[in-house]
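What the coordinates show
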Amino acid sequence: MQKQFLEAGQIVNTHGVNGEIKVQSWCDSPEVLTDFDTLYWADGTPVHVERAYVHKNCVVMRIEGVNTMEQADALRQKVLYLSREDVDLPEDLVFIQDILSFEVYDERTERVIGRIRDVVTTNPAHDLYEIVTEDNRTLYVPAIKPFLQRIDMEAGRVIIRSIEGLIE
């Protein structure tokens, strides 16, 4: 079952003396987070964003009800969420959180090689699937064609086609 609320970023600091917060965005880019007028706390309580802009790879936000540096400071380390319903995701993309722990099946070796532990998004060319094997090894597979064949959301499975030496 897919979660309604998805982690969007974490409040890492205050910004100025008027209650603005700095948010480390966990979206594809910090700019994505500036498009939302409403975010949510972990319990589903709405957070109304009055203003948001990117500054030094973080998102600086003013949120309703936070008017002092002390109020902003009290929010440090809290995670902000977005509602799945508020995101217009292209049909060929999935949320990273939806595929974590999915089984990974390799068509070349015709076997399950492990489970998705994380998706590494720091590579500028493409994401990498971090796969943990049954014997606790960590493998990295590019999340692009020709390696990525398809994602079966209903079966909870990512199907890849490795090349010799990539997973051995």
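The following refers to the structure shown. Sequence order as written defines residue numbering, which begins from 1 separately in each chain. Side-chain atom pairs in this predicted model are given and counted only at pLDDT of 80 or more, local residue features only at pLDDT of at least 70, and totals for whole chains, interfaces and linings cover all residues. The basis for every side-chain value is the complete set of heavy atoms in the structure, and neither hydrogens nor water enter the calculation.

Notes on the nonpolar core
Threshold: Think of a nonpolar core as a cluster: buried Ala, Val, Leu, Ile, Met, Phe, Trp, Tyr and Cys residues, connected wherever their side-chain atoms sit within 4.5 Å. In this scheme, a residue with accessible area under 20% of its type's maximum is buried, one over 50% is exposed, and one in between is partly exposed, where area comes from a 1.4 Å probe on protein chains only. Runs of E in the DSSP output that reach at least two residues are strands. Runs of H or I that reach at least four are helices, and both are numbered from the N terminus. In what follows, residue pairs with any heavy atoms lying within 4.5 Å of each other are defined as contacts.
Ile21, Val23, Leu39, Met61, Ile63 and Leu80 are the most contacted members of the largest nonpolar core, which has 20 residues in total. Sorting the residues of this core by element identifies β1 (5–15), β2 (20–25), β4 (46–55), β5 (58–63) and β6 (79–83) as the ones contributing at least two each. Not counting the four nearest positions on each side in its chain, Ile63 is found in contact with Ile21, Trp41, Val47, His48, Val49, Glu50 and Leu75. One finds Ile113, Ile116, Val141 and Ile167 within the second-largest nonpolar core, a separate group that totals 16 residues.

Quick notes on the layout of surface pockets
By rolling a water-sized probe across the atoms, one finds the places where empty space is left. The cut-off we apply is this: The pocket and cavity definitions rest on a 1 Å grid over protein atoms only: a 1.4 Å probe that fits but cannot leave marks a cavity, an open set with protein on both sides within 12 Å along at least five of seven lines marks a pocket, and residues lining either have an atom within 4 Å of a point. Grid points are joined across faces, edges and corners, and a volume is the space filled by probe spheres set on the points. Residues are grouped as follows: Ala, Val, Leu, Ile, Met, Phe, Trp, Tyr, Cys and Pro are nonpolar; Asp, Glu, Lys and Arg are charged; every other residue, Gly included, is polar.
Estimated volume of the largest pocket: approximately 1,200 Å³. Together, 41 residues line the largest pocket, and Cys27, Asp28, Val94, Phe95 and Ile96 are the ones closest to its centre. Elements supplying a minimum of two residues to the lining of the largest pocket: β1, β2, α1 (30–33), α3 (96–99), β8 (111–120) and β11 (148–152). Among the elements that make up the lining of the largest pocket, the one with the highest residue count is β11 (4 residues). Of the residues contributing to the lining of the largest pocket, the split by class is 23 nonpolar, 7 polar and 11 charged.

Some points on the pattern of salt bridges
Pairing between side chains of opposite charge can happen when the charged atoms of each approach one another. Applicable threshold: Put simply, a salt bridge is a Lys or Arg side-chain nitrogen that is within 4 Å of an Asp or Glu carboxyl oxygen.
Taken as a whole and judged by the stated rule, the model has 8 salt bridges. With a closest N to O distance of 2.5 Å, Asp73 and Arg76 form a salt bridge. Across the pair Arg84 and Asp98 runs a salt bridge whose closest N-O atoms are separated by 2.8 Å. A residue pair is termed long-range when its members are at least 10 positions apart, and Arg84 in the loop between β6 and α3 and Asp98 in helix α3 qualify at 14 residues. By relative accessible area, which is 17% here, Arg84 ends up buried. Taken together, the shared-partner salt bridges in this structure form one network comprising Glu107, Arg150 and Arg161.

Worth remembering: the numbers are spatial, not functional.
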